[in-house]
Amino acid sequence: MTMFWNQGQERSQNAGAAGEDHLSMIPTWSVVLAILVFAGIQYLFHGVMPHHKHEMLPMRLLMGYSWGTAFASYVLLVGYVSRDVKRRNMPGGLWMLIMVVMPGGIGAVVYFLLRQPLLTPCPHCSTELTSSVHFCPQCQFQLAPVCGRCFRGVQITDVYCAQCGHDLAEDHAPARLRAYSD
Ligand SMILES: [Zn+2]
Ligand SMILES: [Zn+2]
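Residues numbered from 1 in each chain as written. Chains lettered and ligands numbered in written order. Predicted model: local features only at pLDDT ≥ 70, side-chain atom pairs only at ≥ 80, totals over all residues.

1. Notes on the nonpolar core
Right, on to step 1. Core analysis: the biggest nonpolar cluster contains 13 residues, and Val 37 and Val 81 have the highest contact counts within it.
Right, on to step 2. Going through the elements one at a time, α2 (28–48), α3 (57–87) and α4 (92–101) are the ones with two or more residues in this core.
Right, on to step 3. Residue contributions to this core peak at 6 residues, all from α3.
Right, on to step 4. Judged by nonpolar contacts, the second largest core, of 5 residues, contains Val 146, Cys 147, Cys 161 and Leu 168. (Core = buried A, V, L, I, M, F, W, Y, C linked by C-beta atoms within 7 Å. Buried ≥ 20, exposed ≤ 12 C-beta atoms within 10 Å, placed from the backbone. Helix = DSSP H or I, 4+ residues; strand = E, 2+ residues; numbered from the N terminus.)

Here you go:
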């Protein structure tokens, strides 16, 4: 069981690293598309739109740059969501459609409000679990340290349970990390 626990800790550290590395979540196609969109909007502002006699060039440059940045960022965001939906078991096609169809980036706001928690496989039986569980519901694999009396979550450095005052040293290492007494 102690061995399982160590694996569990490694797993959560890996999950943490993956969660922080948002840049690797943006697929290449969306980076390329973002550059094309930015270039396209510059072309639209400077090449296609009619030039008036008294207009100011800095204003035109600024507008082209702002719109280009806004649209390019949204393309990157759509790319991010296209990968994010997969690791949350959400319908990818539907969310891509919502992201593209909803105007003014509202689709993205709705997505970040409604997205499901991240799923990670149980290290023991590969059941998809949310990060908040202490035990795998399928195989009883322990994913977080818990009190041996009340089975609420504790910090690995705690001496007493913060919820019931139980002396955690009494659990001894393997018993403390296994939640259910046999
Ligand atoms: Zn399991
Ligand atoms: Zn307790």
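2. Looking at the confidence of the model for the chain
Right, on to step 1. Looking at the chain, pLDDT values average 81 and 82% of them are 70 or higher.
Right, on to step 2. By mean pLDDT, the top-scoring element of the chain is α2 (92), and the lowest-scoring one is helix α1 (residues 2–20) (46).
Right, on to step 3. Here residues 1–19 is modelled with pLDDT under 50, and outside its nearest four sequence neighbours on either side it reaches 20 contacts, counting other chains as well. (pLDDT = per-residue confidence, 0-100. Contact = placed C-beta atoms within 7 Å.)

3. Topic: the environment of Tyr 65
Right, on to step 1. Of note, Tyr 65 is situated in helix α3.
Right, on to step 2. Given 14 C-beta atoms within 10 Å, Tyr 65 falls into the partly exposed group.
Right, on to step 3. Each C-alpha atom of the pair Tyr 65 and Ile 41 lies 8.2 Å from the other, and the pair is 24 residues apart in sequence.

4. Remarks on the packing of α2 against α3
Right, on to step 1. At a minimum axis separation of 8 Å, α2 and α3 run at an interaxial angle of 160°. Judged by the inter-axis angle, α2 sits roughly antiparallel to α3. In this structure, α2 crosses over α3, and the sense of that crossing is right-handed. Along its contact with α2, which presents Trp 29, Ser 30, Val 31, Leu 33, Ala 34, Val 37, Phe 38, Ile 41, Gln 42, Phe 45 and His 46, the element α3 presents Arg 60, Met 63, Gly 64, Trp 67, Gly 68, Phe 71, Ala 72, Val 75, Leu 76, Val 78 and Gly 79.
Right, on to step 2. Residue composition of the contact of α2 with α3, by class: 15 nonpolar, 6 polar and 1 charged. (Axes fitted to C-alpha atoms, helices over the stretch in contact; angles between N-to-C directions. Parallel < 35°, antiparallel > 145°, perpendicular 65-115°, else oblique. Left-handed = near helix turned anticlockwise from the far one by under 90°. Nonpolar A, V, L, I, M, F, W, Y, C, P; charged D, E, K, R; others polar.)

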